Amino acid sequence: MKTSFVSNMSLQNAMRITVASAQKEMLQLQEETVTGRHADVGAVLGAKTSRTLDLHRDLQRMESLKSTNALTTQRLAASQEALGLMSSAANDAMEVLIALSGMTSSDQLELAQQNMGNALSTFTAAANTSFSGEYLFAGINSDVVPLKDYLQDTPPSDAKVAFDQAFLTHFGFTQTDPGVSTITPADMQDFIADLETTFMGPDWQADWSNAADENMQSRISAAETVQSSTNVNATGMRHLALGLVIGQELLSIGLSEASRKVVSDSAIDYMGRAISGVDGERSKLGISQSRVTQANTSLDAQITILTTSIKDMEGIDTYAAATRVTTLESQLSLAYTLTSRIQNLSLLNYL
């Protein structure tokens, strides 16, 4: 019979290799238990790895769209709030103008003029609303203040200078000249008509606006974009500015009752058009808000599908992994005990 001899050194090496292998496997299993996916996806999936990489890329794209949609939603909400302030300012101005009908008291006229100025200030502030460092109503020129302040004192705004010049050119005297009392309703009607042409034409952008006509667009899905704001060049905002300016500039300058009625009626007419135009812009943005909500619903469904598909391919049984970790811990504990005993083996103990 042949006797084989095994040294305690070879036993120690075998145990050390076993311990190292178990420790490596346990670290991998602990990682998988925490992440819920294979530690080395490529080694497990092999040729299917490219498929899971495609799914991850699609998932990141969907999540990125959800993030940008959140900003778009906030942008639209801020735009709606600012447009609401404009609409309220126009309604308040119209109420003042309607209440003014038939009144000739200088105090009442001055109060109405002051109300027109306050409404104009509200309109200017709302038009220059910014969100996240961008002006909402500047179109694609989102880094510039869209609407110039008509009421600024020093120096006078371009729009104010242009109005005063137009008045002087048309009537031959300024608004403070006593001759204003001689202005006929027909002359005033002609002046306001010329003024409307100016506001509706290119002079608007020269004197009032820095905004671009092209509105901001936001991508809300892989194949869909929406208008995410409007701009101060919209017709409704031009009518609002026109109605407020003629009310603020002409109501209390000493016109005859008939001519003042032309001013009041014209301002009311422009306020009505302004309200309709601004509310129309609000409706457009409301449609955009609805489309963003629908896009988010679709993205949520796609994200759920992609997440489930990735989990099916990369996911592990966390319960089984945790059980295997417990088993390895027991094996390591036993291995450490055996290694300690083997190291204590010596022939000297038997001599």
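Residues numbered from 1 in each chain as written. Predicted model: local features only at pLDDT ≥ 70, side-chain atom pairs only at ≥ 80, totals over all residues. Heavy atoms only, no water.

- Labelled according to an unreviewed UniProt entry, the chain appears under the name Flagellin, originating from Shinella sedimenti.
- For the record of the chain, the UniProt heading Sequence similarities (unreviewed entry) holds the text "Belongs to the bacterial flagellin family."
- Under Function (unreviewed entry), UniProt gives the following word-for-word description of the chain: "Flagellin is the subunit protein which polymerizes to form the filaments of bacterial flagella." (UniProt positions renumbered as here; feature names shortened; annotations may be inferred.)

### Description of the overall build of the chain
Link 1 in the chain: Scanning the chain from N- to C-terminus turns up ten helices and four strands.
Link 2 in the chain: Within the span of the chain, comprising 351 residues, buried residues form 40% of the whole.
Link 3 in the chain: Counting only contacts in the chain whose residues sit at least 6 apart along the sequence, the fraction spanning at least 24 positions is 75%.
Link 4 in the chain: With the model as given, the accessible surface of the chain reaches about 18,800 Å², and the carbon-plus-sulfur share is 54%. (Helix = DSSP H or I, 4+ residues; strand = E, 2+ residues; numbered from the N terminus. Buried < 20%, exposed > 50% of the residue type's maximum accessible area, 1.4 Å probe, protein only. Contact = heavy atoms within 4.5 Å. Areas by Shrake-Rupley, 256 points an atom, 1.4 Å probe, with all protein chains shown as cover.)

### Remarks on helix H5 (residues 158-171)
Link 1 in the chain: Taking 1.5 Å of rise per residue, 14 residues should cover 20 Å, and H5 covers 20 Å from first to last C-alpha, within 8% of that figure.
Link 2 in the chain: Inspection of H5 places Ala 159, Phe 163, Phe 167 and Phe 171 among the buried residues, and these make up the whole buried set. In an axial view of H5, the angular spread of the buried residues amounts to 75°, which keeps them on one side of the axis.
Link 3 in the chain: In this structure, the buried residues of H5 make contact with helix H6 (185-200), helix H7 (203-207) and helix H8 (235-250).
Link 4 in the chain: With its phi angle positive at about 90°, Gly 172 sits one or two positions after the end of H5. (Expected span 1.5 Å × (residues − 1). Arc of directions from axis to C-beta.)

### Comments concerning the pairing of strand E3 (residues 217-221)
Link 1 in the chain: Two elements, E3 and strand E4 (residues 224-227), share four bridges in a ladder whose sense is antiparallel. Its bridge partner lying in E4, Arg 219 is registered against Thr 225.
Link 2 in the chain: Hairpin geometry of E3 and E4 is characterised by an intervening segment of two residues between the two adjacent antiparallel strands. (Pairing = 2+ DSSP bridges.)

### A closer look at the nonpolar core
Nonpolar side chains in soluble globular proteins tend to be buried together.
Link 1 in the chain: If you look at the biggest cluster of nonpolar residues, it comprises 64 residues, and the most contacted ones within it are Met 86, Phe 123, Met 188 and Leu 250.
Link 2 in the chain: Every element with two or more residues in this core is listed here: helix H3 (49-100), helix H4 (106-127), H5, H6, H8 and helix H9 (257-314).
Link 3 in the chain: Those residues within four positions of Met 86 in sequence are excluded, and the remaining contacts are Phe 123, Ala 126, Ala 127, Phe 137, Met 237, Leu 240 and Val 278.
Link 4 in the chain: Ranked by size, the runner-up nonpolar core spans nine residues in total, among them Leu 299, Ile 303, Leu 306 and Ile 310. (Core = buried A, V, L, I, M, F, W, Y, C linked by side-chain atoms within 4.5 Å.)

### Considering H6
Link 1 in the chain: For H6, which comprises 16 residues, the first-to-last C-alpha distance of 22 Å matches the rise-based estimate of 22 Å (1.5 Å per residue) to within 8%.
Link 2 in the chain: Among the residues of H6, those classed as buried are Met 188, Phe 191, Ile 192, Leu 195 and Phe 199. Viewed along the axis of H6, the buried residues span an arc of 95°, placing them on a single side of the element.

### Focus on unusual backbone geometry
Link 1 in the chain: A cis amide bond links Thr 154 with the next residue in sequence, Pro 155, at an omega value of -15°.
Link 2 in the chain: Structurally, Pro 155 is set in the loop between strand E2 (134-135) and H5.
Link 3 in the chain: The backbone of Ser 132 sits at a positive phi, close to 55°, despite the residue not being glycine.
Link 4 in the chain: Inspection of the secondary structure puts Ser 132 in the loop between strand E1 (130-131) and E2.

### Considerations on the packing of H6 against H8
Link 1 in the chain: Interaxial distance between H6 and H8 falls to 10 Å at its minimum, and their mutual angle equals 145°. Remark: the crossing between H6 and H8 carries right-handed chirality. On H8, the residues that touch Met 188, Phe 191, Ile 192, Leu 195, Glu 196, Phe 199 and Met 200 of H6 are Thr 235, Arg 238, His 239, Ala 241, Leu 242, Val 245, Ile 246 and Leu 250. (Axes fitted to C-alpha atoms, helices over the stretch in contact; angles between N-to-C directions. Left-handed = near helix turned anticlockwise from the far one by under 90°.)

### Section: the pattern of salt bridges
Link 1 in the chain: Scanning the entire structure with this criterion turns up 13 salt bridges.
Link 2 in the chain: Across the salt bridge formed by Lys 66 and Asp 300, the nearest N and O atoms sit 2.6 Å from each other. Of the two residues, Lys 66 sits in helix H3 while Asp 300 sits in helix H9, which places them 234 residues apart along the sequence.
Link 3 in the chain: Put simply, Asp 269 and Arg 273 hold a salt bridge, and the shortest N to O gap is 2.8 Å. One end of the pair, Asp 269, and the other, Arg 273, are both in helix H9, four residues apart, so they sit about a helical turn from each other.
Link 4 in the chain: Note on Arg 273: relative accessible area 34%, which makes it partly exposed.
Link 5 in the chain: Each of the salt bridges in this network shares a partner with another, and the network as a whole consists of Lys 160, Asp 164 and Glu 249. (Salt bridge = Lys/Arg side-chain N within 4 Å of Asp/Glu carboxyl O.)

### Looking at the environment of Gln 217
Link 1 in the chain: Here Gln 217 lies in strand E3.
Link 2 in the chain: Since its relative accessible area comes to 47%, Gln 217 is described here as partly exposed.
Link 3 in the chain: Between the C-alpha atom of Gln 217 and that of Ser 229, which follows or precedes it by twelve residues, the distance is 7.8 Å.
Link 4 in the chain: In this structure the side chain of Gln 217 is engaged in a polar contact, spanning 3.4 Å, whose partner is the backbone nitrogen of Gln 227. (Polar contact = N/O pair within 3.5 Å; in protein donor to acceptor, adjacent residues only side chain to side chain.)

### Considering the packing of aromatic side chains
Link 1 in the chain: For the coordinates displayed, the defined rule picks out ten aromatic pairs.
Link 2 in the chain: Centroid distance Phe 171 to Phe 173: 6.2 Å. Interplanar angle 20°. Geometry classified as stacked. Phe 173 carries the same exposure label as Phe 171, and that label is buried.
Link 3 in the chain: Grouped by ring-pair contacts, the aromatic residues Phe 163, Phe 167, Phe 171, Phe 173 and Phe 191 constitute a single cluster. (Phe/Tyr/Trp six-rings, centres within 6.5 Å; stacked < 30°, edge-to-face > 60°.)

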